[in-house]
Amino acid sequence: MKPKFHIFALAFAAAACQEGREHTAPAVNPRDSVSMMVSYGVNTLVSDSGMMKYRIVAECWEVNQARNPSRWIFEKGLFLEQFDEKFHVEAYIQCDTAYYFDQKKLWELRGRVRIRTIDGLRFASEELYWDQNKHELYSYKYSRLVTPDREMEGTYFLSDERMTHYTITNSKGSFVKGGMGNAEGDSILAAPDTVKAKKRLPTTPSAKKTQ
């Protein structure tokens, strides 16, 4: 009888172990791309050196530190206003989709990217990068820049982050508004596509969320 009892016990134990495995869920990998935070209807003031510099407005803001590299994600668009010391709007940036890679301090703006400053400068492209370490804005796609004096178009754009010095190469057009004028004495036509202005775009931010 003993051999039969042992066989029965082993069969029961094997069945119990098999049943236990059926209810075992796979472990969650800590590197799975799960967002740390998702906020909707965001209206965020961003400061630099203790001063409010600009406002971020977005329908959805996702902070994902599990993905490599970690990033902020604005899948449904981003609107950014930049302020002066008296909290007056100096410029804005708008796009359909935006990513901010916090470790690299790099913004990647996609879709209908638009920049407008209080001085009347307007920029349009389908893609724009903002490297806050190098303090540069650049794009490898068709871009159009309009100032009160001239218009420029090209497939490569480079500027400082304050939009005070900028260049468009592979140019499709560059002309002075109101007529070409005298090419010999026209310093704008003779100079490279670089213009100085007074207003600034934001420097490296530290975000503060408001209600």
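Coordinates for the structure precede this section.
The rules behind the values
- Residues numbered from 1 in each chain as written.
- Predicted model: local features only at pLDDT ≥ 70, side-chain atom pairs only at ≥ 80, totals over all residues.
- Heavy atoms only, no water.
- Buried < 20%, exposed > 50% of the residue type's maximum accessible area, 1.4 Å probe, protein only.
- Helix = DSSP H or I, 4+ residues; strand = E, 2+ residues; numbered from the N terminus.
- Pairing = 2+ DSSP bridges.
- Salt bridge = Lys/Arg side-chain N within 4 Å of Asp/Glu carboxyl O.
- Core = buried A, V, L, I, M, F, W, Y, C linked by side-chain atoms within 4.5 Å.
- Contact = heavy atoms within 4.5 Å.

Colleague: Looking at this structure, I do not really get the pairing of strand β6 (residues 97-101). What am I missing?
Modeller: Every regular strand shows the same layout, with side chains that alternate between the two sheet faces. Along β6, five of the five residues are buried, which leaves the element largely enclosed by surrounding structure. On β6, burial covers both faces: Thr-97, Tyr-99 and Phe-101 on one face and Ala-98 and Tyr-100 on the other are all buried. Judged from the three bridges that link them, strand β3 (residues 71-74) and β6 form a sheet pairing that is antiparallel. Paired with Trp-72 across the strands is Tyr-100, a residue of β6. Note that β6 and strand β7 (residues 106-117) share five bridges and pair antiparallel. For Thr-97, the partnering residue across the bridge sits in β7 and is Arg-110. Linking β6 back to β7 in an antiparallel pair, the connection comprises four residues, with Lys-105 at a positive phi of about 55°.

Colleague: Could you clarify how one ought to interpret the pattern of salt bridges in this entry?
Modeller: Oppositely charged side chains can pair when the atoms bearing their charge come close. Under the counting rule described, the total for this entry stands at six salt bridges. The closest approach of N and O atoms between Lys-76 and Glu-59, which form a salt bridge, is 3.9 Å. Taken as a pair, Lys-76 in the loop between β3 and β4 (78-83) and Glu-59 in strand β2 (residues 51-64) lie far apart in primary sequence, 17 residues in all. The exposure class of Lys-76 is exposed, given its relative accessible area of 52%. What makes Glu-59 partly exposed here is its relative accessible area of 49%. With a shortest N-O distance of 3.0 Å, Glu-151 and Arg-144 are connected by a salt bridge. Judged by relative accessible area, which is 18%, Glu-151 ranks as buried. Each member of the salt-bridge network shares a partner with another, and the members are Arg-144, Glu-151 and Glu-153.

Colleague: Please explain the nonpolar core as it appears in this structure.
Modeller: Side chains that are nonpolar tend, in soluble globular proteins, to be buried together. Phe-74, Trp-107 and Leu-109 are the most contacted members of the largest nonpolar core, which totals 30 residues. Among the elements that make up this core, the one with the highest residue count is β2 (five residues). Apart from residues no more than four positions distant in its own chain, Leu-109 is found in contact with Leu-78, Ile-93, Cys-95, Thr-97, Ala-98, Glu-126, Glu-127 and Leu-128. Counting residues in hydrophobic clusters, the runner-up holds six residues, among them Tyr-99, Phe-101, Leu-106 and Tyr-138.

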